[in-house]
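Descriptive analysis of the structure
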There are 4 protein chains.
Amino acid sequence: MGGTMDGTKQQRRGNTRQRIQDVALELFAEQGYEKTSLREIAERLEVTKAALYYHFKTKEEIIVSLFDDLTKPIEELIEWGRSQPHTLETKQDIVRRYSDALAGAEPLFRFMQENQATVRELRIGDTFKDRMRGLRDILIDPEAELVDQVRSVSAMFTLHAGMFVLQDIEGDAEKKREAVLEVALDLVTQAHEHTRQRARFRE
Amino acid sequence: MGGTMDGTKQQRRGNTRQRIQDVALELFAEQGYEKTSLREIAERLEVTKAALYYHFKTKEEIIVSLFDDLTKPIEELIEWGRSQPHTLETKQDIVRRYSDALAGAEPLFRFMQENQATVRELRIGDTFKDRMRGLRDILIDPEAELVDQVRSVSAMFTLHAGMFVLQDIEGDAEKKREAVLEVALDLVTQAHEHTRQRARFRE
Amino acid sequence: MGGTMDGTKQQRRGNTRQRIQDVALELFAEQGYEKTSLREIAERLEVTKAALYYHFKTKEEIIVSLFDDLTKPIEELIEWGRSQPHTLETKQDIVRRYSDALAGAEPLFRFMQENQATVRELRIGDTFKDRMRGLRDILIDPEAELVDQVRSVSAMFTLHAGMFVLQDIEGDAEKKREAVLEVALDLVTQAHEHTRQRARFRE
Amino acid sequence: MGGTMDGTKQQRRGNTRQRIQDVALELFAEQGYEKTSLREIAERLEVTKAALYYHFKTKEEIIVSLFDDLTKPIEELIEWGRSQPHTLETKQDIVRRYSDALAGAEPLFRFMQENQATVRELRIGDTFKDRMRGLRDILIDPEAELVDQVRSVSAMFTLHAGMFVLQDIEGDAEKKREAVLEVALDLVTQAHEHTRQRARFRE
DNA sequence: TATGAATGAGGATTCATTCAT
DNA sequence: CATGAATGAATCCTCATTCAT
């Protein structure tokens, strides 16, 4: 396994925490949070359950740590977004970068999508909701009509859904991502322009 | 509860099955499937767990029965849709009716949306996926460009998401539903027209 | 089913008790007493569990009734045996008739063989043990040597075992029964003669 | 227990698995497999049920482990028997050693004898049947008459039965075992000689 | 004769978690 | 850094039994 001479056991040194996170995320995404037991994670790693507890105080802490680690880009994105003017360009930028961020932490986001009920009870729930709200507030003009607000939200959701629902549509993965992004950008643009026109009209 | 004078116990006769379904759906939607125990359902109904088992062979059968009952309108909708010509009107009709159907079984759909990981393992999972595919095949022109395919899928997803995500946007519920519907119709229409134009262009 | 015109339902009239016994015995013999639930019996008969309770007060009563009904010939055999002189002929007769009795209630005896632990706890347990002792006392001369006592017991046990253990030896069922009987008779005869000789020797 | 001064709790360390097996076997033999609950075993040991599950994955695994451990001598016996010539001496040896083996694992064999219905469903069932067949094939000459085949089988069964049925015959346990053994040897010898004679006669 | 509805007790099993070593 | 052994609470589910109708 690999060309180097490190035995599997040696390799393991010092990165157990990482390996736990990896395996946990994989299983959480695959089977859901509740259906994944610590026993299962431990077995996959050929460690004891107790070892997990050396690295994480609780099961919840594992998912929280994953969330914190993998979600940082999005936090920064929002931070950045907030400081920008609410122009169309900013919004499009946000959408583009958000798309990238999602792609970079796909399994986590699949997990969050498919385990919303669970996530809501977890400590991450609120944090995540806050972020979603943060994004929304950047994309949405407060004075926009309801339809346009929906458009913006829909854009975000299209990105989310795009990752998973499109799996059973034929076509190259990269192409699909681009198509999804295009639709999302479109929605955001429509919302923006429409609101702009209404504003001009009122003057 | 109700204006009549019947005691609670008498009322109970003969509709226990129903009451189980009601309470179960409520709890499933609220806390998720795994986190809702049969004990909890039973307690809420002031019956024993064993009573639940008189009416349903397994926990899964409860959710399956709910799914079967509440989902029938959608099945019929698809049936109907399949027999129609693939015109824009048909598609718009489908979207409108689907929106109605979703509204009529909101808690179930919230449940399914928020417990996708669980649903996937349950017997309903496949059935539901089939239905989604059924809808998709009606809304999507096979020769449409990828972007337009995404638009159609996005329409469906906007309807789904609309029900839940919009909860924390201010505004009258009915108005929000209309806005969501409008966006969905818009997406479908855009997809249809665009595809049509491309076709004409080719000739 | 059968040449007569009686529908299945009519047939059923009035002999439900019998049918319960039949099905119960079949299932008890096949799966054991504890592993056979009343639900199973009821389902096989297409009746409700409650119906069983109309005919039998408890689950145990079902097996007791079977035991009482099917075991009567053996009781009578013992009764008869007790009144006979302890000659070799009597003993051989007992063995022969016991063999017949066993064959006539095979499933019950298979059940008792294979569920001794259960039977011991049931009310039948003691009754059965008494009968076995009754038989033994007829076959065994109190003054016989231990080996000869064992021979007699072994004869009985050979008959029991013969019914079931020989199932996976090739050969015609009837022939096997005869062979088993022969060995049992042999054992009893050896025991008898040997004891007789010792007695004569002592005089 | 033992002359040392160790407290009960200390003693417990490291041999829990053993103690579970001991108690389980005791209870299984006494009350049967199904009627013995894990709760009961756990209580007797003053541990929690969960502790049992630390040592054995299922209830069945407990009995399987007992079977595997206690039954090894018999497996070896059969192994040995197969490599020997089919002489009378071999057969007698087998019977003698089998008698010893049975005595060494009496409770297990009582359990198996009294819970045949259960054992049949367990994973041990087939293994045990195979062993019995193995023994049989060593003791029985294929060309023997049916009666003689029965004699051999009866010998084995006499040994089995001897252990338990004789419990309520008066007399010293050791003496009884010898008597049983003698009868079993006798049966095997009779079968062997009789078959031999028939063979000589045919020439 | 039977059923529909329900109960109470108990079953095996699984889980997250703890802690002395 | 990690394990071995154990716990307590909970889970789904099954069973024999009851009783009003």
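Preceding block: the structure.
All figures in this text were calculated on a predicted structure; none of them were measured in a lab. (Residues numbered from 1 in each chain as written. Chains lettered and ligands numbered in written order. Predicted model: local features only at pLDDT ≥ 70, side-chain atom pairs only at ≥ 80, totals over all residues. Heavy atoms only, no water.)

**A short note on the pattern of salt bridges**
- Taken as a whole and assessed by the stated rule, the structure comprises 63 salt bridges over all chains.
- In this structure, D130 of chain A engages R133 of chain A in a salt bridge whose closest nitrogen and oxygen atoms are separated by 3.8 Å. Here D130 of chain A and its partner R133 of chain A are both found in helix 9 (residues 124–139), three residues apart, which amounts to about one turn of the helix.
- When its relative accessible area of 29% is taken as the criterion, R133 of chain A is described as partly exposed.
- Here R110 of chain C ties to E106 of chain C by a salt bridge, and the two come within 2.9 Å at their closest N and O atoms. Taken together, the residues span about one helical turn, with R110 of chain C and E106 of chain C both in helix 7 (residues 106–114) at a distance of four residues. (Salt bridge = Lys/Arg side-chain N within 4 Å of Asp/Glu carboxyl O. Helix = DSSP H or I, 4+ residues; strand = E, 2+ residues; numbered from the N terminus. Buried < 20%, exposed > 50% of the residue type's maximum accessible area, 1.4 Å probe, protein only.)

**Comments concerning the relation of the copies chain A and chain B**
- For the match of chain A to chain B, the screw axis carries a shift of 0.1 Å, the RMSD comes to 0.1 Å, and the turn is 180 degrees. Given the turn and translation reported, the copies of this chain are related as if by a two-fold rotation axis. Residues of chain A ranked by C-alpha distance from the rotation axis are headed by N115 of chain A, positioned 2.7 Å from it.
- With an isologous cut-off of 70% or more, the 100% of interface residues of chain A that recur at the interface of chain B puts this contact in the isologous class. (Least-squares fit on C-alpha atoms with pLDDT ≥ 70 in both. Contact = heavy atoms within 4.5 Å.)

**What about the protein's contact with DNA strand E?**
- Taken together, 34 residues lie near DNA strand E, and T48, Y54 and H55 of chain B, T48 of chain C together with Y53 of chain D sit nearest.
- Here DNA strand E approaches the protein such that, of its atoms within 4 Å, sugar and phosphate make up 62%.
- A distance of 3.1 Å separates a phosphate oxygen of DNA strand E from a polar side-chain atom of S37 of chain D.
- Here a phosphate oxygen of DNA strand E sits 2.6 Å away from a polar atom, N or O, in the side chain of Y53 of chain D.
- Every element with two or more residues in the surface near DNA strand E is listed here: helix 3 (38–45) and helix 4 (49–55) of chain A, helix 4 (49–55) of chain B, helix 4 (49–55) of chain C together with helix 3 (38–45) and helix 4 (49–55) of chain D. (Near = heavy atom within 4 Å. Polar contact = N/O pair within 3.5 Å; in protein donor to acceptor, adjacent residues only side chain to side chain.)

**Observations concerning the packing of aromatic side chains**
- If you walk through the whole model with that rule in mind, you get 21 aromatic pairs over all chains.
- Their ring planes at 75 degrees and their centres at 6.1 Å tell us that F67 of chain C and F128 of chain C sit as a pair that is edge-to-face. Residue F67 of chain C is found in helix 5 (residues 59–82), and its partner F128 of chain C is found in helix 9 (residues 124–139); the two are separated by 61 residues along the sequence.
- F67 of chain C sits in the buried class, given a relative accessible area of 1%.
- Ring plane angle 35 degrees and centroid distance 5.8 Å describe the contact between F28 of chain D and F111 of chain D, whose orientation is recorded as tilted. Here the residue F28 of chain D occupies a position in helix 2 (residues 16–31), and F111 of chain D occupies one in helix 7 (residues 106–114), the gap between them amounting to 83 residues.
- The buried category is assigned to F28 of chain D, whose relative accessible area is 0%.
- Site record: aromatic cluster; members linked through ring pairs are F28, Y33 and F111 of chain A.
- A cation over an aromatic ring shows up here: K59 of chain D above the ring of Y33 of chain D, its NZ or CZ 4.4 Å from the ring centre.
- Over the ring of W80 of chain D we find R97 of chain D, and its NZ or CZ is 4.1 Å from the ring centre. (Phe/Tyr/Trp six-rings, centres within 6.5 Å; stacked < 30°, edge-to-face > 60°. Lys NZ or Arg CZ within 6 Å of the ring centre and 35° of its normal.)

That is the geometry; function is a separate question.
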